[in-house]
Amino acid sequence: MENIISNLFKMIGLPTEVAYILAFFAAAGLLFFVLSLVGQVAVVFMVLMERKILAWITQRKGPNRVGPWGLLQTVADGVKLLFKEDIMMPHQDKLLFTLAPVLFFAPTFVIYALIPFTDQLLGINLGLGLLFVFALSSLGVVGMVLAGWGSNNKYSLLGGMRSASQAISYEIPLVLSALAVALAAGSLNIREIVETQNAGGFGLFSWYAISLLPLTFVIFWISSIAEVNRIPFDLPEAESELVSGYNTEYSGMKFALFFLAEYASLFGMSALMAVLFFGGYYSPFGGLITQNLGIDIPVVHQLEMATWIITKTYIFIALAMLIRGTLPRLKPDQLMGFSWKFLIPLSLVNLFMVAILKMAWLQENIPTIPLFGREISVCYLGTYAALFLLLIATLAGFGSIFKRKVVPHIQLQQRTV
Amino acid sequence: MSSENEIDKPQEQQSETVTPEPKAEEQQPIEPKEVKEPVSAEAGEAPEEAVAEKPAKPARKAVTPKASAEEGAAAEPSADGEAKPKAKPAAAAAKAAPAKKEEVPPPPPEPGRYAQLLMANGFKPVPLGNDAGGIEMIELNPSELREACQFLRDSDASRFDLLVSIAGVDWKTSLQAVYHLYSTATYQKLAIKATAVDDKLPSVESVWITADWHERETYDLFGIIFEGHHKLERILMPADWIGHPMRKDYKVEDPRLVWNER
Amino acid sequence: MSTTANFPTTSQGVFLEKDIDTNDMVVNIGPQHPSTHGVLRLITTLDGELVKEIEPVIGYLHRSKEKMAESRSLFQYQPTIDRVEYLSSFFDHYAFVAALEKIADLHVPKRVQYIRMITMELNRITSHLLWFGTYLLDLGATSPMFYAFREREKILSLFEDLTGARMMYNYYRFGGVVADMPEGWLDKVRAFLDEAPKRFDEYEAIVSKNPIFLDRTMGIGIIQPEVAIQYGVTGPTLRASGVNLDQRKANPYCCYDEVEFDVPLGTKGDCYDRFVVRMQEMRESLKIIRQAVDNMPGGDTADLNKRRESGDETANDVELQTYGKKINLITYKPPKGEAMVTVESPRGFLGCYMITDGTPKAYRIKWRGASFSNLSILPELMRGRLFPDLMSIFGSIDVILPEVDR
């Protein structure tokens, strides 16, 4: 793409170096524009989906006035926000106040460039793609903290501080569990992770969510919900305490940026989960259905891949929305305690177990037994069984932490007078 | 004084019918007779002394006849079960009293259970009979209000540990505070009235913590100054409000609110 | 910004330096805030997330209900008292009406008392349901509110059939009610009674075993019974601390001595106990309503009307009328007297102290709001707690601001 654009610039008559530099920025800008457009279309439907799901949970109808089935409701809301006054108070730090939504918005959309929606449809194929994704997702927190500070509002400040502490706490288990995936796949390239995951040909059973101890996925899932600040971890914008947290003072399009970016980051995290743990763009039956059926048209393959990953992503989004409709909010101390006392040790143990598993995979010259029509190493099976038992023990421990003895405190008093 | 025996009889009935209390009952037959005479004499005078600096008589008049009127109201069994236990002795008293002295129009209400208890312990309550709901009413001198309240809270015979409310009343000549007490142990109710001297009353905040806000409210709306309150500020009205709006002679004098006057 | 500019120097000229400025932060929560349930202002001193001091500032909703009584006749005043506590205004009306009934010694027919009892208990359920929804909303769970409102709407529809209004009923009259129940109303109440327990079970299933909910309520905001009584706390908040004080049992009014029900008591006095006590109270209210519906003197209005049409004289008994004694409300002058009536409202002692002086107006009407006293314990409970606990504690004592400010 850069070449095409630089040729265009050269045709205008610019010197080659300038043309390349300009082309680079133009290409980056174009890419970002396309990404955010795609992202915003996704977000528009996510917002509607969330409202519909919450309405369904609470026995309401949800938006159904603008467009068929309320499809254009979010568009209407967006247009309304565009025309809203952009209020900025004199006591606010103008630079930080304006910079914050941008810093929050931009990185979340750049993540889209790194997600392989098909094996071809991939913005940038970075060797260290996974690392870069986490770098970007933690940048968003800077935006929140700046918003909290720049607003010069006590609620916002508390929200910003909470978001910082929350991000620090939950990025560690997030990255540690992703590291387990990278360890198993032997690569940080996201497309390679997808390909390695599906190389076994077991379909569903070779996906890392299952083959690589479900615990890894559970840790990643919990941490990713915390990372995108959704209930029960939505402390930075806890509405019943902090009014609206870090974005209390924002209005108009700046607020819309925060709003969009939150959903975009939810989409990004869900897509990442689909890619890392659920086989990315492959079907759960091993390979692609169309391929297995013998249809050998590349476009059809691409379409099927895109369908699979989008479906998986939206399943995770829907799950996050279901959680939002169900759970109350945690307190900051419980949140920190849960991360530092439970999730981080657990993810370290998990990483260790995955390393053992990987070693078992790499062993050769070990007797194998036929299973599912393949030869499977005994060592692998043994290790896996042992680790599975360990996992059950861990989950039992997990349960015992959260299982409360709900003593019926209440006694019924009969007539006393 | 011949009527005193007449009155005493229903008194004893009452103390039997209502929840029995061993300690007070032993003291009652002996002590009240000694204390009662000075008190019944004081019944007319003590409040006048208390509000000597203000023209006190209208206030006094406003209180006493009402009390006797309520006697009658309480005498007939009301629809609710609340008044029933106390209504019968009161009815007996009401029938007995007018028969003896017809020429004296307002018979002084005989001391109820808690008035007797207070008398037996050296306080000088003025019994005001029962209100329409059968709640005993006592008038207390401001000077002994706090101690009497403390006693009523701590004494095993009363245990009024819950202050339900403090209601200010503006009798045009004087301000009065009505303390409604409740016992979470015996489920009994009591109303204590205290007429403010110079718009001042002692604070009972040290007896019941909840009196803090109730006294602030009464100060805010009536201007009764509760001496000894740790932070007597306005609570319902804005801090810069002028005047005490629940007084009968209150007029909006704040120039900022002049539009309100038409 | 120079950090040392404002610091004083000692006589030796040495700077007193602080590297990190750790001042307390004073956050002004309210008067407009999502979880202050109206217009309450809490001046909160925070040290990080820790609440050091909290001072409620009330009075933003003061509508001078007591002063209004001085300028209106009792009958004119009555419609306005719905607003004293708008979530359970039948209780306001009962306290007000009963106070005058005591002063004037008006006879209230049995049928009226039973209707009053049913409406009050239904009203208690609506109030507790609203509390349930908003409390969970305060804790961050959005869905339970909608479930609670679904049931509440059903009761409000019942009230609409009965009184013509969903919130501001103005249904009771001195010595009676404004009109008899519509025909078939009792059957509708029965239908609700059959359905409600399942719903309440559902609510408890959603909420009361949720580990996050338990974490946020268990052991939080413990009120010792002695402290509660000292602060004048009443109602379910007091009963959750284990004090057996329910006026319906202790000083039975209306016809509460004719129905059987239990008083749920907590043992620890924390937020969770208050939650369970309220949930249990709704079930006990259902019990009361069922008994009252079954034992309603005269039965359903349709039956009563049929009996009257067929010339049955017993159907015209005074106990089956809607008024004990018809009084001309426009010109009615109550006798001199005073009465204090406290009822057990969903929040505690709701009192009406009335002094009449023989004119159509009351000389003095004092409202004793349960929330007023209950709110005063908040600073005591919040000292040294975390900021998010403010919502779980404040929510659990169920304060309604119109009743605080009156």
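Located above this text is the structure these notes cover.
None of these values were measured; they are calculated from a predicted model.

Let us now look at the overall build of chain C. Scanning chain C from N- to C-terminus turns up 16 helices and nine strands. Projected onto its principal axes, the C-alpha coordinates of chain C cover approximately 105 × 50 × 35 Å. Within chain C, buried positions represent 56% of all 406 residues. Expressed as a percentage of contacts within chain C between residues at least 6 apart in sequence, the contacts between residues at least 24 apart total 68%.

Summing up its helical and strand segments, chain B has eight helices and seven strands in all. For chain B, with 262 residues in total, the buried portion stands at 47%. Sequence separation of at least 24 residues holds for 57% of the intrachain contacts in chain B that already meet a minimum separation of 6.

Membership of the largest hydrophobic core comes to 272 residues, with the highest contact counts inside it found for Val181 and Met273 of chain A, Leu181 of chain B together with Ala95, Ala99 and Met354 of chain C. Sorting elements by how many residues they give to this core places helix α11 (residues 252-277) of chain A first, with 17 residues. Those residues within four positions of methionine 354 of chain C in sequence are excluded, and the remaining contacts are Ala99, Leu100, Ile103, Glu338, Ala339, Ala362 and Ile365 of chain C.

One frequently used descriptor of interface size is the decrease in accessible area upon assembly of the parts. Between chain B and chain C, the contact holds 36 residues from the first and 43 residues from the second. If you list the elements that add at least two residues to the side of chain B that touches chain C, you get α4 (57-75), β3 (162-170), β4 (175-182) and α8 (211-222) of chain B. Per element, the largest residue contribution to the side of chain B that touches chain C is six residues, and it comes from β3 of chain B. The class makeup of the residues in the side of chain B that touches chain C is 21 nonpolar, seven polar and eight charged.

A few words now on the sheet that holds strand β1 (residues 126-130) of chain B. Residue and element names in this part refer to chain B. The five strands lie next to each other as β1-β2-β5-β4-β3, forming an open sheet whose pairing is mixed. Of all strands in the sheet, those with a lone pairing partner are β1 and β3, marking the two edges. The mean angle between the axes of side-by-side strands here comes to 20 degrees, regardless of whether they run parallel or antiparallel. Sheet analysis places strand β2 (residues 136-139) next to strand β5 (residues 189-195), joined by four bridges and oriented parallel. Of the residues in β5, the one forming a bridge with methionine 137 is alanine 191. Its contacts with the sheet put helix α6 (residues 113-120) on β1, β2 and β5, and the angle it makes with β2 is roughly 35 degrees. Contacts between α8 and the sheet are confined to β3 and β4, with β3 contributing the most and set at about 10 degrees to the helix.

Turning next to the sheet that holds strand β8 (residues 348-356) of chain C. All names here are of chain C. Judged by pairing direction, the sheet is antiparallel, and its three strands sit side by side in the order β7-β8-β9 without closing on themselves. Of all strands in the sheet, those with a lone pairing partner are β7 (337-345) and β9 (362-368), marking the two edges. When strand polarity is set aside, the average angle formed by the axes of neighbouring strands in this sheet is 10 degrees. Sheet analysis places β8 next to β9, joined by six bridges and oriented antiparallel.

Right, let's get into the environment of serine 392 of chain C. Residues and elements named next belong to chain C. Note that serine 392 resides in helix α15 (residues 387-396). The spacing of serine 392 and tyrosine 272 is 120 residues in sequence and 9.6 Å in space, taken between C-alpha atoms. Beyond its immediate sequence surroundings of up to four residues, serine 392 is in contact with Asp138, Leu139, Arg216, Thr217, Ile220, Gly221 and Cys271.

Residues and elements named next belong to chain B. Burial runs high along β5: seven of the seven residues are buried. Across the two faces of β5 the burial is the same, with Lys189, Ala191, Lys193 and Thr195 and Leu190, Ile192 and Ala194 all buried. Of the strand pairs in this sheet, β4 and β5 are connected by seven bridges, and their pairing is antiparallel. Bridge pairing links valine 178 to lysine 193 in β5. Turn length for the β4-β5 hairpin, with the two strands adjacent in sequence and antiparallel, is six residues, and the turn residue tyrosine 187 shows positive phi of about 60 degrees.

All names here are of chain B. Counting buried residues in α6 gives seven out of eight residues, a clear majority hidden from the surface. Those residues of α6 lying buried are Arg113, Tyr114, Ala115, Gln116, Leu117, Leu118 and Met119. Glycine 122 sits one or two positions beyond α6 and adopts a positive phi of about 90 degrees.

Residue and element names in this part refer to chain A. Taking 1.5 Å of rise per residue, the 14 residues of helix α9 (residues 214-227) would be expected to cover 20 Å, and the 20 Å separating its terminal C-alpha atoms lies within 8% of that figure. Of all 14 residues making up α9, 13 are buried, and the element is well covered by its neighbours. Directly beyond the C-terminal end of α9, a positive phi value near 55 degrees is found at asparagine 229.

Cut-offs applied
Residues numbered from 1 in each chain as written. Chains lettered and ligands numbered in written order. Predicted model: local features only at pLDDT ≥ 70, side-chain atom pairs only at ≥ 80, totals over all residues. Helix = DSSP H or I, 4+ residues; strand = E, 2+ residues; numbered from the N terminus. Buried ≥ 20, exposed ≤ 12 C-beta atoms within 10 Å, placed from the backbone. Contact = placed C-beta atoms within 7 Å. Core = buried A, V, L, I, M, F, W, Y, C linked by C-beta atoms within 7 Å. Nonpolar A, V, L, I, M, F, W, Y, C, P; charged D, E, K, R; others polar. Pairing = 2+ DSSP bridges. Axes fitted to C-alpha atoms, helices over the stretch in contact; angles between N-to-C directions. Expected span 1.5 Å × (residues − 1).

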